[in-house]
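Inside the fold
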Amino acid sequence: MSGRLHWGLRGRLVLAFILVALLGTLLATVYTSLTLDAHVSAAARARLSRAATHFGDVAAVLSTDGAWAPEDVATLHHLTQIDSLAARLVDASGQIVFTQPASAAVELGASAYAPVVVDGREIGRVTVSPGDGRLLTAEELQLRSDLSRIQVVAGVASAAIALVVALYLALTLSRPLRSIRSGAEAMSAGDLATLVPEAGDDEIRSVARALNRLAETLQLEEGLRKESVADLAHELRTPVMGLLGRIEAAQDSVFEDEAANLAAMHAEALRLTRLLDDLSALADAERPGLLLTSEPVDLAAVVADQVAAFADRFVDKGIELSSDLASTTVSGDRRRLEQIVVNLLSNALKYTEAGGRVDVTVRQAGDEVVLDVADTGIGIAADDVPRVFTRFWRGEKSRSRATGGAGIGLSIVQALVGAHGGRITVESEAGVGSVFRVFLPAVGPQRLH
């Protein structure tokens, strides 16, 4: 067991917010402490400077021709007592006129200076300092003490508020994340019906929405997978059971016409072969690097060959087949392009009834070559149109079973078209018909710029 402490997301968020809050409060407290004394001292020096200026102004008013009478000195002495100041006045020659305290040449620790000016002429200079030798008065010392106490109280209160806010934010942020984690764990355990509450800020809500969409997609894929397995099992079971039944009947000498029995068994084997071929074709179509060759191919020529190959089958079923093919060039694998056309024609033949019509066109549309296969067949219900390219899916299964096939032809077409850098769309209306439209990049002189 590791001795290292492991923190969850909530714990890390709480710790981070608390540390940030405490650090901010500590920095604010330290800064205030460092600047408080400086501000109080600056205010005291400003007070002394004003006192020196006032004292100099009074001395200027009391002077007579740059000299001061004894009664003027007494007035100055009284002024220093009122303001509790130590002061010294010297005349223009540097002689001490007045000093308080009475001892000469007082050394003042915190002093302020001001000139004595009469009619623009400096006649003396005053120096003042606190009477007790301290810069701060008792009131200023008390103010500084009160401010320090308030600072401590404010710091503690700020830290407490910051801690509460940090805890609230951490819990608020982690709560939707915990919900997302719980939902993801439920999904990983197979409960794809679980939905994550879309709470929190925009980023967290977007994560929850994405996870819910993923769950819906997985749920849909799981349903399709189960349905596909069931369809495939049915498709395989029918010919296999037919073969087993005929083999057992032959073993019991039930059939008198062995040739007919062998022909029926051969038909069932061919049905199995076609199904396996379809599955192999789908696997090939979805494999990366499908196109073994890439060369200029006239799509109209490819389509014309297949239309000619299918002509008799359409005639036998009583369906009119027409084509309007403009010479166009695409880059791709001719054999794979033939697969696309064959599957689309087979699909149209299968789902168009006698007396219907199938129109095949190839044309240029900007930088793309467009292949249309339009039929007047049974069509597709609007709700089923988005699913026509899903493997093993077929609409109206009771009727489509009779048409044969495993329901993967259109899946193969979509994969092959995608491998050629194109896309396929479908427009259909139940009872009216369908139009399958293939878009492929054009190359060569036909490409429009």
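Before reading on, note that the structure itself is shown above.
Now for a description of the structure that goes with this document. Computed from a predicted model, the values in this text were never measured in an experiment.

As a further point, take the overall build of the protein chain. Per the secondary structure count, the protein chain includes nine helices and eleven strands. Per-residue burial for the protein chain yields a buried fraction of 34% across its 449 residues. Pairs at least 24 residues apart make up 68% of the contacts formed inside the protein chain by residues separated by at least 6 positions. Of the roughly 25500 Å² that the protein chain leaves accessible, carbon and sulfur atoms contribute 58%.

Attention shifts here to the pattern of salt bridges. The full count for this structure, using the stated rule, is eight salt bridges. Here R437 ties to D372 by a salt bridge, and the two come within 2.7 Å at their closest N and O atoms. Note that R437 is positioned in strand β11 (residues 433–441) and D372 in strand β9 (residues 368–375), a separation of 65 residues in sequence. No difference in accessibility class separates R437 from D372, as the two residues are buried. What emerges from the salt-bridge pattern is a single network uniting R363, D372, E427 and R437.

So, about the pairing of strand β1 (residues 85–91). With five of its seven residues buried, β1 lies for the most part within the structure. Relative to strand β4 (residues 121–130), β1 runs antiparallel, the two being bridged by seven bridges. Across the sheet, the residue bridging to A86 is S129, located in β4. Bridge count for β1 against strand β2 (residues 96–100) is four bridges, and the pairing is antiparallel. Within β2, the position partnered with L89 by the bridge is F98. Counting the residues in the hairpin turn of β1 and β2 gives four residues, including G94, whose phi is positive at 95°.

Along the chain, V417 falls in helix α9 (residues 409–419). Judged by relative accessible area, which is 1%, V417 ranks as buried. When near neighbours in sequence (up to four residues on either side) are disregarded, V417 contacts I340, G422, R423, I424, V438, F439 and L440.

Helical geometry: 3.6 residues make up each α-helical turn, so side chains three or four residues apart lie on a common side. Those residues of α9 not exposed but buried are L410, S411, I412, V413, A415, L416 and V417. Looking one or two residues beyond α9, the residue adopting positive phi is G421, at roughly 75°.

Note: strands within a sheet are paired through backbone hydrogen bonds, in either parallel or antiparallel orientation. Strands sit in the order β6-β8-β9-β11-β10 across an open sheet of five strands; the sheet is mixed. The sheet terminates laterally at β6 (320–325) and β10 (423–429), the two strands that pair on one side only. Averaged over all pairs of adjacent strands, the angle between strand axes in this sheet comes to 10°, irrespective of strand direction. As judged from the eight bridges shared by β9 and β11, these two strands associate in the antiparallel manner. If you follow A374 over to β11, its bridge partner there is V435.

Here helix α7 (residues 334–351) is 18 residues long and its end C-alpha atoms lie 26 Å apart, about the 26 Å a rise of 1.5 Å per residue gives. Every buried residue of α7 is accounted for by R336, L337, I340, V341, N343, L344, L345, N347, A348, L349 and Y351.

This paragraph deals with the sheet that holds β2. The strand order across the open sheet built from four strands is β2-β1-β4-β3, with neighbouring strands paired in antiparallel fashion. The open sheet has two edge strands with one neighbour each: β2 and β3 (112–118). The average undirected angle you get between the axes of adjacent strands in this sheet is 15°. Summarising the sheet, β3 and β4 pair through seven bridges and their orientation is antiparallel. Each residue of the ladder has a partner; that of V118, found in β4, is R121.

Right, let's talk about the packing of α7 against α9 for a bit. In the contact formed by α7 and α9, the axes pass within 9 Å of each other and the chain directions differ by 150°. The handedness of the crossing between α7 and α9 comes out as left-handed. On α9, the residues that touch R336, Q339, I340, N343, L344 and N347 of α7 are G409, L410, I412, V413, L416 and V417. Classifying every residue of the contact of α7 with α9 gives seven nonpolar, four polar and one charged.

To continue, consider the pairing of β9. Across the eight residues that make up β9, a large majority, six, are buried. Linking strand β8 (residues 357–365) back to β9 in an antiparallel pair, the connection comprises two residues, with G366 at a positive phi of about 65°.

Moving on: the nonpolar core. Counting 38 residues, the largest nonpolar core has L344 and L371 as its most contacted members. Put simply, the parts of the chain that give this core at least two residues each are α6 (299–317), α7, β8, β9, α9, β10 and β11. When residues of this core are assigned to their parent elements, the largest contribution, seven residues, is made by α7. Residues in contact with L371, not counting those within four places in the same chain, are L299, V303, V341, L344, V360, T361, V362, F436, R437 and V438. Counting residues in each nonpolar core, the second largest holds 25 residues, with A51, W68, L89 and A114 among its members.

A separate point is unusual backbone geometry. Of note in the backbone geometry, D119 takes a positive phi value of approximately 55° without being a glycine. Among the secondary structure elements, D119 is positioned in the loop between β3 and β4. For D119, a relative accessible area of 79% gives the class exposed.

Rules used in this analysis
- Residues numbered from 1 in each chain as written.
- Predicted model: local features only at pLDDT ≥ 70, side-chain atom pairs only at ≥ 80, totals over all residues.
- Heavy atoms only, no water.
- Helix = DSSP H or I, 4+ residues; strand = E, 2+ residues; numbered from the N terminus.
- Buried < 20%, exposed > 50% of the residue type's maximum accessible area, 1.4 Å probe, protein only.
- Contact = heavy atoms within 4.5 Å.
- Areas by Shrake-Rupley, 256 points an atom, 1.4 Å probe, with all protein chains shown as cover.
- Salt bridge = Lys/Arg side-chain N within 4 Å of Asp/Glu carboxyl O.
- Pairing = 2+ DSSP bridges.
- Axes fitted to C-alpha atoms, helices over the stretch in contact; angles between N-to-C directions.
- Expected span 1.5 Å × (residues − 1).
- Left-handed = near helix turned anticlockwise from the far one by under 90°.
- Nonpolar A, V, L, I, M, F, W, Y, C, P; charged D, E, K, R; others polar.
- Core = buried A, V, L, I, M, F, W, Y, C linked by side-chain atoms within 4.5 Å.

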